[in-house]
Amino acid sequence: NDIEFIYSEYYNKLEIWRFSSSLGKYVGYTEFGVKNAKRFNKDASELARRKAEKERYCKHNIDID
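A brief report on the enclosed structure follows. These figures come from a predicted structure and were not determined experimentally.

**Considerations on the side chain of Glu15**
- Structurally, Glu15 can be placed in strand 2 (residues 14-20).
- Since its relative accessible area comes to 14%, Glu15 is described here as buried.
- A polar atom in the side chain of Glu15 sits 2.8 Å from the side chain of Ser8.
- Within the structure, Glu15 has its side chain in polar contact with the side chain of Arg18 (distance 2.9 Å).
- Not counting the four nearest positions on each side in its chain, Glu15 is found in contact with Ser8, Glu9, Tyr10, Tyr29 and Thr30.

Rules of the game
- Residues numbered from 1 in each chain as written.
- Predicted model: local features only at pLDDT ≥ 70, side-chain atom pairs only at ≥ 80, totals over all residues.
- Heavy atoms only, no water.
- Helix = DSSP H or I, 4+ residues; strand = E, 2+ residues; numbered from the N terminus.
- Buried < 20%, exposed > 50% of the residue type's maximum accessible area, 1.4 Å probe, protein only.
- Polar contact = N/O pair within 3.5 Å; in protein donor to acceptor, adjacent residues only side chain to side chain.
- Contact = heavy atoms within 4.5 Å.

Given below as structure tokens:
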């Protein structure tokens, strides 16, 4: 339960937006990022895809590491 999946997008070394599995949604850090985070958060399939990444990637590899 203490595993967190984070997916971030950067441009010119500046974080634009981030998906955090602990929050279960996207958060924007720039004007462009906030607009896109709102759009991503309205898309149920996008949120489901990112939430599934924790199961697919993190939990699968935790025993390997």
